[in-house]
Amino acid sequence: VEFIDHVPQPEVYALIQRARACLLIPGRRRYWWTNFAKLVDYLALGVPVIADVPPVSEVREELGKAGNGFFLQGEDVDADALALVSWLSTGGESGLNGYGQRYTALRQAEAFATVFDEVLAGGATR
């Protein structure tokens with residue numbers, strides 16, 4: 001585990017892409033949305049993510065759809081550690097499927113342009 005603080009965004013993305021897995025650990029009693037920007041980066045870059053999030057959360061749902069989440073259960077540290085070692089030894093991927101591409105800046109810009117064009121086509125006033 002390596003903790004790195006205060007580096008330019010391009011370096012952050014390079015580190016994320018080289019990592020075996022990234023962490024998203026707001027905890028079960030924290031506000032998960034404080035890490036939403038990192039979640040979006042992880043989804044867009046398609047990297048494996050170790051997450052400690054509530055059982056019912058958008059984070060769990062989106063990582064599940066993308067196939068790149070490993071979820072700590074939080075009940076038994078030893079069981080979580082064994083499951084994590086097993087997950088990492090198999091490559092740390094649950095089945096990446098391209099779903100995370102919807103979070104790339106290009107896809108977001110295309111979606112905005114589509115909405116903008118539809119508003120304009122509908123005779124929106126300026």
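Right above here is the structure, for reference.
All of the points below concern the structure found in this document.

Definitions and limits used
Residues numbered from 1 in each chain as written. Predicted model: local features only at pLDDT ≥ 70, side-chain atom pairs only at ≥ 80, totals over all residues. Heavy atoms only, no water. Core = buried A, V, L, I, M, F, W, Y, C linked by side-chain atoms within 4.5 Å. Buried < 20%, exposed > 50% of the residue type's maximum accessible area, 1.4 Å probe, protein only. Helix = DSSP H or I, 4+ residues; strand = E, 2+ residues; numbered from the N terminus. Contact = heavy atoms within 4.5 Å. Phe/Tyr/Trp six-rings, centres within 6.5 Å; stacked < 30°, edge-to-face > 60°.

Observations regarding the nonpolar core
Counting 18 residues, the largest nonpolar core has Leu24, Tyr42, Val49, Ala51 and Leu63 as the members making the most contacts within it. When residues in this core are grouped by element, the largest group, 5 residues, is from helix α2 (residues 36-45).

Some thoughts on the side chain of aspartate 41
Within the secondary structure layout, aspartate 41 lies in helix α2. Judged by its relative accessible area of 12%, aspartate 41 is buried. Residues in contact with aspartate 41, not counting those within four places in the same chain, are Gln9, Tyr13 and Ile16.

Digging into the environment of glutamate 62
Looking at the element boundaries, glutamate 62 is found in helix α3 (residues 58-66). Residue classification places glutamate 62 among the buried residues on the basis of a relative accessible area of 4%. Setting aside its immediate chain neighbours within four residues, glutamate 62 contacts Leu43, Tyr99, Arg102 and Tyr103.

Focus on the packing of aromatic side chains
A full pass over the atoms with the stated rule returns 2 aromatic pairs. Seen in terms of ring centroids, phenylalanine 70 and tryptophan 87 are 5.2 Å apart; in terms of plane orientation they differ by 35°. Their pairing is tilted. Placement of the pair is phenylalanine 70 in strand β3 (residues 69-71) and tryptophan 87 in helix α4 (residues 77-89), with a sequence separation of 17 residues. Of the residues examined, phenylalanine 70 reaches a relative accessible area of 10% and is grouped as buried. Judged by centre distance (6.1 Å) and plane angle (20°), the rings of phenylalanine 112 and phenylalanine 116 are stacked. Taken together, the positions of phenylalanine 112 and phenylalanine 116, both in helix α5 (residues 105-121) and 4 residues apart, correspond to about one turn of that helix. Residue phenylalanine 112 is classed as exposed on the basis of its relative accessible area of 58%. Relative accessible area serves as the criterion here: at 45%, phenylalanine 116 is assigned to the partly exposed category.

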